[in-house]
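Chain by chain, the residues run as shown.
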Amino acid sequence: MLYCGPTCLSRGPDQGGTTISEVLRRVWSRLIRKQWLILYPLALTVVDTLAFLALYAAGGGRIRSSSFFTANFERWQYVREHFVSGFSLEPALAVAIFAGLAACAFAAMIRAPFFRAVAGPVYPLAPRGWKEAGTLFLFYLVWNLVVWVLPMAAPTDGPLGQLVLAFTWAIGILVVFADYVIVYEELNLFKALRRSLRLLRHSWPVVIIIFLVVQLVYLGVYSLYGLYYNDNVEVFILLPISQMLVESFIALLADLVLIFLYEDVRRRSPA
């Protein structure tokens with residue numbers, strides 16, 4: 001398989017620091033030339049939906065499209081209420097654990113070739129090896145546990161809830177380049193985390209701006225679609241499909257912006 005690495009995204013090692021406008025220009029250029037990149041985050045969105053379907057069925061949810069998609073819209077609230085707040089060692093918990101592990105495994109198997117598709121001329125369908133996939137799987141497993149699962153045990157309201165939210169945001173920012181480093185620089189998990197921190201020192205203001213913009217966009221999309229999801233309202237199938245497409249496109253744009261930023265910072269930071 002032909003692979004040129006992330007430096008194929010830039011114009012050369014002598015280029016200076018990249019501005020936001022330059023990053024966006026390169027993102028647009030990549031989208032124009034490789035329109036099928038959207039299939040990678042879309043596939044991951046479908047996997048996440050199927051993983052939640054397993055949790056939903058194990059939790060005793062009604063297997064109806066409207067009920068499922070309404071619960072899926074608030075999936076983390078559903079997980080909190082059915083698997084965290086009333087924690088007990090039941091068969092449903094085993095299903096939840098298996099679904100979570102499977103989602104992390106598929107994330108590793110999908111995002112590794114996605115990163116290489118961004119940097120190279122083709123659309124690879126699998127990671128380069130089991131070591132790369134295993135390292136990504138471990139990273140996504142730890143990341144989801146720290147950022148999503150463990151905070152569910154904390155209150156959602158009050159100062160403690162705000163503190164937990166700030167903590168999860170901080171963790172997300174600190175490891176923002178870690179999975180890119182694992183794929184592009186072929187480092188193990190601990191070295192990738194240290195490398196992400198080192199790269200962040202050269203780009204933290206831009207990363208924070210990107211992070212906030214992405215969060216605001218997701219909040220806007222969530223608020224918009226929240227107007228159409230209700231327990232007593234029949235959900236038309238095109239509504240969740242359009243939501244999956246919109247969220248996949250946002251995820252694609254966020255990854256492209258961060259990958260180009262990573263590539264620029266990487267060239268200016270010692271290995």
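Note that the coordinates shown come from a computational prediction; the quantities given were computed from them, not determined experimentally. (Residues numbered from 1 in each chain as written. Predicted model: local features only at pLDDT ≥ 70, side-chain atom pairs only at ≥ 80, totals over all residues. Heavy atoms only, no water.)

Visitor: Can you walk me through the confidence of the model for the chain in this structure?
Guide: Residues shown with low pLDDT carry predicted positions that ought not to be read at fine detail. Chain-level pLDDT for the chain is 84 on average; 89% of the residues reach the 70-or-more range. No element of the chain has a lower mean pLDDT than helix H4 (residues 75–84), which averages 80, and none a higher one than helix H8 (residues 178–184), which averages 95. In the predicted structure, residues 1–8 sits below a pLDDT of 50 and forms 17 contacts with residues beyond four places in sequence or in another chain. Taken as a whole, residues 10–17 scores under 50 in pLDDT and shows 13 contacts with residues more than four places along the chain or in a different chain. (pLDDT = per-residue confidence, 0-100. Helix = DSSP H or I, 4+ residues; strand = E, 2+ residues; numbered from the N terminus. Contact = heavy atoms within 4.5 Å.)

Visitor: Just to check I follow, could you spell out the nonpolar core for this structure?
Guide: Inside soluble globular proteins, nonpolar side chains tend to come together where they are buried. Counting residues in each nonpolar core, the largest one holds 49 residues, and the members touching the most others are Leu-37, Phe-115, Tyr-140, Phe-177, Tyr-180 and Tyr-184. Broken down by secondary-structure element, the contributors of at least two residues to this core are helix H1 (20–33), helix H2 (39–58), helix H5 (91–119), helix H6 (130–149), H8, helix H9 (189–200), helix H10 (204–226) and helix H11 (238–268). The contacts of Tyr-180, once residues within four sequence positions are left out, are Arg-111, Phe-115, Glu-185, Asp-255, Leu-258, Ile-259 and Tyr-262. Formed by 22 residues, the second largest nonpolar core is a distinct cluster that contains Leu-55, Val-79, Ala-96 and Ile-250. (Core = buried A, V, L, I, M, F, W, Y, C linked by side-chain atoms within 4.5 Å. Buried < 20%, exposed > 50% of the residue type's maximum accessible area, 1.4 Å probe, protein only.)

Visitor: Looking at this structure, I do not really get a nonpolar patch on the surface. What am I missing?
Guide: There is a patch of nonpolar side chains on the surface, built from Trp-76, Leu-145, Trp-148, Val-149 and Leu-150 and spanning about 450 Å² of accessible area. No other element matches the three residues that H6 contributes to the nonpolar patch. Following the sequence through the fold, Trp-148 ends up in helix H6. For Trp-148, a relative accessible area of 35% puts it in the partly exposed group. (Patch = residues over 30% accessible without salt bridge, like charges linked within 9 Å, V, L, I, M, F, W, Y side chains within 5 Å. Areas by Shrake-Rupley, 256 points an atom, 1.4 Å probe, with all protein chains shown as cover. Salt bridge = Lys/Arg side-chain N within 4 Å of Asp/Glu carboxyl O.)

Visitor: What is the right way to look at H9 in this model?
Guide: Note on helix geometry: an α-helix contains 3.6 residues per turn, so any two residues three or four positions apart are oriented the same way. Look at H9: 16 Å from first C-alpha to last across twelve residues, which is about the 16 Å you get at 1.5 Å a residue. Of the positions making up H9, those classed as buried are Leu-189, Ala-192, Arg-195, Ser-196, Leu-199 and Leu-200. End-on, the buried residues of H9 take up no more than an arc of 135°, which puts them together on one face. The elements touched by buried residues of H9 are H6, helix H7 (158–174), H8, H10 and H11. The opening residue of H9 is Asn-188, an N-cap whose side-chain oxygen sits 3.3 Å from the backbone nitrogen of Phe-190. (Expected span 1.5 Å × (residues − 1). Arc of directions from axis to C-beta. Polar contact = N/O pair within 3.5 Å; in protein donor to acceptor, adjacent residues only side chain to side chain.)

Visitor: For this particular structure, what's the right way to read the environment of Val-23?
Guide: For Val-23, the location among the structural elements is in helix H1. Val-23 sits in the buried class, given a relative accessible area of 3%. Taking the C-alpha atoms as reference points, Val-23 and Ile-259, 236 residues apart in sequence, are found 9.4 Å from one another.

Visitor: Just checking my understanding: could you explain the pattern of salt bridges for this structure?
Guide: One side chain can pair with another of opposite charge once the charged atoms of both are near each other. Summed over the entire model, instances satisfying the criterion amount to eleven salt bridges. Close ionic contact of Arg-116 with Glu-132 constitutes a salt bridge, the shortest N to O distance being 2.2 Å. Here Arg-116 is found in helix H5, whereas its partner Glu-132 is found in helix H6, with 16 residues between them in sequence. Judged by its relative accessible area of 10%, Glu-132 falls in the buried class. A salt bridge links Arg-267 to Glu-263; the shortest N-O distance between them is 2.9 Å. One end of the pair is Arg-267 and the other is Glu-263, both in helix H11 and four residues apart, which spans about a single turn. Look at Arg-267 and you get partly exposed, because its relative accessible area is 22%.

Visitor: Just checking my understanding: could you explain the side chain of Asp-264 for this structure?
Guide: Mapped onto the elements, Asp-264 comes out in helix H11. Engagement of the side chain of Asp-264 in a polar contact is seen with the side chain of Arg-267, the distance being 2.9 Å.

Visitor: Would you mind going over the packing of aromatic side chains with me for this structure?
Guide: Applying the stated criterion to the full structure yields 18 aromatic pairs. On the numbers, 4.8 Å between centres and 5° between planes, the contact of Phe-73 with Tyr-222 is stacked. On the criterion of sequence distance, the pair formed by Phe-73 in helix H3 (residues 65–73) and Tyr-222 in helix H10 is long-range, its members being 149 residues apart. When its relative accessible area of 12% is taken as the criterion, Phe-73 is described as buried. Centre to centre, the rings of Phe-114 and Phe-115 are 5.8 Å apart; their planes meet at 50°, and the pair counts as tilted. No difference in accessibility class separates Phe-114 from Phe-115, as the two residues are buried. In this structure an aromatic cluster arises from ring pairing among Tyr-40, Phe-114, Phe-115, Phe-177, Tyr-180, Tyr-184 and Tyr-262. Sitting over the ring of Tyr-123, Lys-34 keeps its end group 4.4 Å from the ring centre. (Phe/Tyr/Trp six-rings, centres within 6.5 Å; stacked < 30°, edge-to-face > 60°. Lys NZ or Arg CZ within 6 Å of the ring centre and 35° of its normal.)

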